[in-house]
Amino acid sequence: MDHHSSRGLQQFNNNVGIKFQLYNSLFSSLPFHRIEKTGILLSVLSSNCDEGFKRKQNPTDIIEEFFLKHTTYREEQEKLDMLFRIIQYVERQVVLFDALEDAAFTDVRDMAGAGTLKQLELEVIQHKKEKELENKLKDFSVQLVLTAHPTQFYPGAVLGIINDLSRALADNDAAKINMYLQQLGKTPFLQKQKPTPFDEAVSLIWYLENVFYLAAGRITAFLKNQFNEVMPKNKSILNMGFWPGGDRDGNPFVTADTTLKVAHALRGSIIKCYYLEIRRMKRRLTFKGIDVILNGLEKQLYDNIFIPGYQTDLTTTYILAELNKIKEIIIYKHNGLFLHLVNNLINKVNVFGLHFASLDVRQESTVHNVVLENIHGEVYSKLSAAEKINFCTTAPGVSTEKIYADALVNDTVKNLSAIQDIQKFNGEAGCNRYIISQCNSALNVLEVYGLFLSCGWKKENLTIDIVPLFETIDDLQHAEAVMQTLYSNEGYKKHLQLRKNRQTIMLGFSDGTKDGGYLMANFSIYKAKEALTKISKQHDIDVVFFDGRGGPPARGGGKTHQFYASMGKNISNKEIQLTIQGQTVSSNFGTIDSAQYNIEQLIHAGISNEIFSNRTVTLQQTEEDLLQQLAKESYQAYVDLKNHPDFLDYLSHVSPVKFYSETNIASRPSKRSSGSKLALKDLRAIPYVGAWAQLKQNVTGYYGVGSAIAALDKQGKLNTVKALYSNSLFFKTLMDNCEMAMKKCYFPLTEYLSKDEKYGEIWNKIYQEYELTKKYVLQLSGSTELMSNYPVDSLSIAMREKIVLPLLTIQQYAINKMREMDEQLINSPMKETYEKLVIRSSFGIINAGRNSA
């Protein structure tokens, strides 16, 4: 363990571990309804779970024994009330732990250490790489796209408390801590109804205003101060993207009106940030000549926010021109006094413009064909695929006023017109990408091009990037052929010339993993990126990859920056673009410090990868062949599991997957089709991965890895795999993330199923694969325990798992009770209460996991 790791571990113990015990006992003595008793009973239940699982008891026995020995409750309703109180209590323990971790962030992480911008500065000076840095910065940027995927369980009020509580904890302000803990005890965690897409947007705008606005300010100020000569003048190294309100895929509640409303909220929000900053600047910039300019700016911003229906032609250019006038006066007349205040605001305006974040529109590929057939009738529907491609590149305009029988057709037409309004008020960056999910042909892309032309856009003014999204293993393998057809199409080629010969391609990690397992999905994306880079180069197109990543390794998350540092020179890395989803927003970017640290890690990975000739990380052909073999073997093992006759039943009856849509945490349905029977094809990746996480089996994060290495071991190639682990950062990162997924497993929770006549076989199959993978992964790393290279993360996981063990036990207890009722055909009025118990447990489990879905 290096010096910083041991210092970080010490700080973590002092600032998180010890303080948690301290404030937890303070919380348990708060004067709430029977809370004192709940706190004491919870600690009893917690040790009962721990001891019980060691003795191989099942969750039902542990809970029943707890009620019998430690309480006087004998009625079922009384017992259930008690379990709900325990859940509420644990939820608040998780909040306390989150707040403590946030407060200790700068003590535990080295803000000037590896992967930070300070480190980059030292490395550039040391290796005399200023020229290379200048070239790299010309077109490099990081774009973080916030998405509202259903893994964020804290309502807005609770997020606010976490924020304030972590500040009070950092200052050791006991009075405030006590007050916030009381507030926490009385604040409901449950959302009574599903959020609308607009609600989801509002809760993410909170992060833009309170975290990203300030973190971006710090990062751009540092870059401008340290690398002023080499920083490009009118280009931002950091951009924000936004999906709530624009992402329609599978979400019927997102309409054209929603998109306009969210774009308006984003514009209002960034203007408000500028307005408040100018108000603060006025207290310092009281010099003659400057006050008049500031007053004028302040009035323009004020009118745009507070006067209803008042939207002037306020532009980013105007704001920057006024700020530059102030800058000139300060430099020439006032010795540069308070110049940093003006520069900081100029930097932020360059990043956020009047759009704050670019709103992406996403829709599923089959919808566009339906819309074109509706608006062009038989003229379109009777054409062959090749004729449709020709039609789409020259599609005639139709009336956007016409009303169609199909609501989806109306809305799509209305939405394509609405994008013009958004660009008018928020600037082009306000909404300039259209993403096509489940894209599997060139026609899927050209249909969107044809739709824009049909809805009144002119070819020469089509300021939109059309982005295909390839997700399944099959689609990833065909992606190169799709792009070859597109790049060869004359109409599309002309469109790309207008877009500076730049094509963005999105790759989805979640559905790839659901489809092909962990290793196969990651390797398929790696191979697809290589092939797409090559084909784009041949056509003189700059390709930009946009990664659809979730929080957990199974959805492309985990140690994300390491992935970008490990891409070889055969993969374009002009920009890093990725989605930041649900929980990952609050866990990795929840405070200004953690957001700054994690953004810096990404910037550092993208820049250092190229300028320090780390690009030797490119895989050799023999290494690629080896990875191909591993991916193939692991795919076989994973498909074998998926094809087990009891696989879906197991997931349906043992995990909480059926209850995902009841949690009221997302506006989007958890299944793509509305049938009652669970079908893997229709099940969204998030509930799928999340259900495995709550079972503490995390199948999607490692399954097949052990089988694959074992197969190569049988062929006498274990040393070759070990060499790959030592030499390839890509493979090592995959294995590190695999360790994280396994560290979060806890098989004793479901061990009672090992002897179950229906589910025993499948449980043992999963457990054996876990043990096999663990054995080989530890052999590769040379460690004796999982995640030993990340001691702080490892301890954090262990403490969080300990906090939620009672919830996991309660959840399994409730699922078992319901299964018994179903098997014995009992129609009990208590069934609904048990369902609620399962759902409520989910919240705390997922929140504590921080990246579990």
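Parameters and conventions
Residues numbered from 1 in each chain as written. Predicted model: local features only at pLDDT ≥ 70, side-chain atom pairs only at ≥ 80, totals over all residues. Heavy atoms only, no water. Core = buried A, V, L, I, M, F, W, Y, C linked by side-chain atoms within 4.5 Å. Buried < 20%, exposed > 50% of the residue type's maximum accessible area, 1.4 Å probe, protein only. Helix = DSSP H or I, 4+ residues; strand = E, 2+ residues; numbered from the N terminus. Contact = heavy atoms within 4.5 Å. Salt bridge = Lys/Arg side-chain N within 4 Å of Asp/Glu carboxyl O. Pairing = 2+ DSSP bridges. Phe/Tyr/Trp six-rings, centres within 6.5 Å; stacked < 30°, edge-to-face > 60°. Lys NZ or Arg CZ within 6 Å of the ring centre and 35° of its normal. Axes fitted to C-alpha atoms, helices over the stretch in contact; angles between N-to-C directions. Left-handed = near helix turned anticlockwise from the far one by under 90°. Nonpolar A, V, L, I, M, F, W, Y, C, P; charged D, E, K, R; others polar. Expected span 1.5 Å × (residues − 1). Parallel < 35°, antiparallel > 145°, perpendicular 65-115°, else oblique.

*Asks:* How would you explain the nonpolar core if you had to name every residue and give the values?
*Replies:* Within the largest apolar cluster, 259 residues are counted, with the highest numbers of intra-cluster contacts made by Leu144, Leu208, Phe242, Leu323 and Tyr650. Of all the elements, helix α4 (residues 76-103) adds the most residues to this core, at 15 residues. When sequence neighbours within four positions are dropped, the list of residues in contact with leucine 323 reads Met281, Leu297, Val342, Leu345, Ile346 and Val349. If you look at the next biggest cluster of nonpolar residues, it comprises 7 residues, including Trp243, Val467, Leu469 and Phe546.

*Asks:* An account of the pattern of salt bridges is requested, with residue identities and associated values reported.
*Replies:* As enumerated under the stated definition, the model contains 44 salt bridges in all. One salt bridge connects glutamate 65 with arginine 55, and the closest N-O pair in it is separated by 3.8 Å. Of this pair, glutamate 65 sits in helix α3 (residues 59-70) while arginine 55 sits in the loop between α2 (35-54) and α3, and the two are 10 residues apart along the sequence. The class for glutamate 65 is partly exposed, based on a relative accessible area of 25%. With a shortest N-O distance of 2.9 Å, aspartate 593 and arginine 218 are connected by a salt bridge. You can see aspartate 593 sitting in helix α26 (residues 592-611) and its partner arginine 218 sitting in helix α10 (residues 197-226), a full 375 residues away along the chain. We classify arginine 218 as partly exposed; its relative accessible area is 38%.

*Asks:* Give a detailed account of unusual backbone geometry, specifying residues and quantitative values.
*Replies:* One non-glycine residue, phenylalanine 356, lies in the positive phi region at around 65°. The residue phenylalanine 356 is located in the loop between α14 (339-352) and β3 (358-359) in this model. Notably, leucine 825 is not glycine yet its phi reads approximately 55°, a positive angle. You can see leucine 825 is positioned in the loop between α34 (791-823) and α35 (831-849). The exposure class assigned to leucine 825 is exposed, which follows from its relative accessible area of 78%.

*Asks:* Before we move on, could you go through the sheet that holds strand β1 (residues 141-147) and cite the residues and values that matter?
*Replies:* What holds strands together in a sheet is hydrogen bonding between their backbones, with the strands either parallel or antiparallel. Taken together, the 9 strands give an open sheet; going across it, the order is β3-β2-β1-β9-β8-β7-β6-β5-β4, and neighbouring strands pair in parallel fashion. Here the strands that pair on one side only, and so sit at the sheet edges, are β3 and β4 (361-364).

*Asks:* Could you give an account of the pairing of strand β9 (residues 575-581), with specific residues and numbers?
*Replies:* Burial of β9 is extensive: 7 of the 7 residues sit out of reach of the surface. With 7 bridges connecting them, β1 and β9 associate as parallel partners. Paired with serine 141 across the two strands is glutamate 575, which belongs to β9. Pairing analysis gives 2 bridges linking strand β8 (residues 542-548) to β9, with the strands arranged parallel. Counterpart to phenylalanine 546 in the pairing with β9 is glutamine 577.

*Asks:* I'd like to hear about the packing of aromatic side chains, residue by residue, with values.
*Replies:* Throughout the structure, instances matching the rule amount to 31 aromatic pairs. On the numbers, 5.6 Å between centres and 80° between planes, the contact of phenylalanine 20 with phenylalanine 97 is edge-to-face. Here phenylalanine 97 lies in helix α4 and phenylalanine 20 lies in helix α1 (residues 3-28), a separation of 77 residues in the sequence. On the basis of relative accessible area, phenylalanine 20 is assigned to the buried category, the value being 6%. On the basis of an interplanar angle of 15° and a centroid distance of 6.4 Å, the ring pair of phenylalanine 287 and phenylalanine 338 is categorised as stacked. With phenylalanine 287 in the loop between α11 (256-282) and α12 (290-306) and phenylalanine 338 in the loop between α13 (316-333) and α14, this residue pair connects regions lying 51 residues apart in the sequence. Of the residues examined, phenylalanine 287 reaches a relative accessible area of 14% and is grouped as buried. The rings of Phe647, Tyr650, Tyr688, Trp692 and Tyr759 are connected pair by pair, giving a single aromatic cluster. The lysine or arginine in question, lysine 261, covers the ring of phenylalanine 198, its NZ or CZ lying 4.2 Å from the ring centre. If you follow arginine 433 out to its NZ or CZ, it ends over the ring of phenylalanine 546, 4.5 Å from the centre.

*Asks:* Tell me about the packing of helix α30 (residues 705-714) against helix α33 (residues 760-781), and name the residues and values.
*Replies:* Contact pair α30 / α33: the axes reach a minimum separation of 7 Å and the direction vectors enclose 60°. The handedness of the crossing between α30 and α33 comes out as left-handed. Across the interface between the two elements, Val705, Gly706, Ser707, Ile709, Ala710 and Asp713 of α30 pack against Glu769, Leu772, Thr773, Tyr776 and Leu780 of α33. Residues belonging to the contact of α30 with α33 are distributed by class as follows: 6 nonpolar, 3 polar and 2 charged.

*Asks:* Account for helix α27 (residues 621-642), naming residues and giving values.
*Replies:* In this model, α27 (22 residues) spans 31 Å end to end at C-alpha, consistent with the 32 Å of a helix rising 1.5 Å per residue. By the burial criterion, the buried members of α27 are Glu623, Glu624, Leu626, Leu627, Leu630, Ala631, Ser634, Ala637, Tyr638, Val639, Leu641 and Lys642.

*Asks:* Give a description of the packing of α10 against α11 that names residues and reports values.
*Replies:* Between α10 and α11, whose axes approach to 10 Å, the crossing angle comes to 25°. On the basis of their axis angle, the class for α10 and α11 is roughly parallel. The two elements α10 and α11 meet at a crossing, and its hand is right-handed. For the pair formed by α10 and α11, the contact residues are Pro197, Phe198, Ala201, Ile205, Leu208, Glu209 and Tyr213 on the first element and Thr258, Lys261, Val262, Ala265, Leu266, Ser269, Ile270, Lys272, Cys273, Tyr274 and Glu277 on the second. When its residues are assigned to classes, the contact of α10 with α11 shows 12 nonpolar, 2 polar and 4 charged.

*Asks:* Describe α14, naming the residues involved and giving the relevant values.
*Replies:* Taking 1.5 Å of rise per residue, the 14 residues of α14 would be expected to cover 20 Å, and the 20 Å separating its terminal C-alpha atoms lies within 8% of that figure. Within α14, the full set of buried residues consists of Leu339, Val342, Leu345, Ile346, Asn347, Lys348, Val349, Val351 and Phe352. Where the residues of α14 are buried, they touch α10, β2 (238-242), α11 and α13. Where α14 ends, the next residue or the one after it, glycine 353, has phi of about 50°, a positive value.

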